[in-house]
Amino acid sequence: MADIFSFHSHTNAHNDDYFSSLPFKEDLQICKNIIKKRLGFDDKHLCWPRGEYDESRLREAKDLGYEIFYTTKRGVNLADKKLEEIRRIAAKKGSWWLKKSLFIYGNESVYQIYSKFKD
């Protein structure tokens, strides 16, 4: 499926005691090892579970070799090579909603205006 999809880290157990209660760095190392073993590459991307992270977790993830970090925050991603807080758009309400969202979040000036009116 690699010609269509990319698979990357999301931790092993979400680190919130729902699945287990391992220390964050250990939980993340398990995830990294599984991807290496099953998919054959050393993953550099991490999608924060539920978008929750802090500077300590960011540092630990970087210590394990992660370089690109995805949040649940909405907004514009600029071509500034800042990869510690990549924003995303959830596809959820049909094609019209997605087209509108891509237009808003894909244009910095439109997003700046939109963000002044949106809570």
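Owing to the predicted nature of the structure, the values given are computational and were not obtained by experimental measurement.

A. Up close: the packing of helix α1 (residues 24-39) against helix α2 (residues 55-63). At a minimum axis distance of 10 Å, the contact between α1 and α2 shows a crossing angle of 40 degrees. Here α2 runs oblique to α1, going by the angle between their axes. Handedness of the α1/α2 crossing: right-handed. Facing α1, whose interface residues are F24, K25 and L28, α2 presents R57, E60, A61 and D63. Partitioning the contact of α1 with α2 into residue classes produces 3 nonpolar, no polar and 4 charged.

B. Broad picture of the state of the cysteines. For the structure on display, the rule yields 0 disulfides. The thiol of C31 is not disulfide-bonded; the next cysteine sulfur, from C47, is found 11 Å away. Looking at C47, the relative accessible area reads 15%, which means it is buried.

C. Spatial organisation of α1. In a regular helix each residue adds 1.5 Å, so 16 residues correspond to 22 Å; α1 covers 22 Å between its end C-alpha atoms and thus fits that length. Burial in α1 covers these residues: F24, D27, L28, C31, K32 and I35. End-on view of α1: buried residues confined to an arc of 140 degrees, all on one side of the axis. Among the structural elements, β1 (45-47) and α2 are those in contact with the buried residues of α1. Phi for G40, located one or two positions after α1, is positive at around 80 degrees.

D. A look at the pattern of salt bridges. For the coordinates displayed, the defined rule picks out 6 salt bridges. A salt bridge links K62 to E84; the nearest nitrogen and oxygen atoms lie 2.1 Å apart. You can see K62 sitting in helix α2 and its partner E84 sitting in the loop between β2 (68-70) and α3 (94-105), a full 22 residues away along the chain. Taking the relative accessible area as the measure of exposure, E84 reaches 35% and is therefore partly exposed.

E. Spotlight on the packing of aromatic side chains. All told, the structure shown has 6 aromatic pairs when counted by the stated rule. For the ring pair W48 and Y53, a centre distance of 4.9 Å and an interplane angle of 15 degrees mean the geometry is stacked. The buried category is assigned to W48, whose relative accessible area is 1%. The interplanar angle of 15 degrees and the centroid separation of 5.7 Å between the aromatic rings of W48 and F69 together place this pair among those described as stacked. A residue pair is termed long-range when its members are at least 10 positions apart, and W48 in the loop between β1 and α2 and F69 in strand β2 qualify at 21 residues.

F. Focus on α3. Here α3 is 12 residues long and its end C-alpha atoms lie 16 Å apart, about the 16 Å a rise of 1.5 Å per residue gives. Within the span of α3, buried status applies to W97, S101, I104 and Y105. Along the long axis of α3, the arc covered by the buried residues comes to 80 degrees, so they all point the same way. Within α3, the exposed residues directed more than 90 degrees away from the buried face are S95, W96, K99 and F103.

Reading the values: the criteria
Residues numbered from 1 in each chain as written. Predicted model: local features only at pLDDT ≥ 70, side-chain atom pairs only at ≥ 80, totals over all residues. Heavy atoms only, no water. Axes fitted to C-alpha atoms, helices over the stretch in contact; angles between N-to-C directions. Helix = DSSP H or I, 4+ residues; strand = E, 2+ residues; numbered from the N terminus. Parallel < 35°, antiparallel > 145°, perpendicular 65-115°, else oblique. Left-handed = near helix turned anticlockwise from the far one by under 90°. Contact = heavy atoms within 4.5 Å. Nonpolar A, V, L, I, M, F, W, Y, C, P; charged D, E, K, R; others polar. Disulfide = S-S within 2.5 Å. Buried < 20%, exposed > 50% of the residue type's maximum accessible area, 1.4 Å probe, protein only. Expected span 1.5 Å × (residues − 1). Arc of directions from axis to C-beta. Salt bridge = Lys/Arg side-chain N within 4 Å of Asp/Glu carboxyl O. Phe/Tyr/Trp six-rings, centres within 6.5 Å; stacked < 30°, edge-to-face > 60°.

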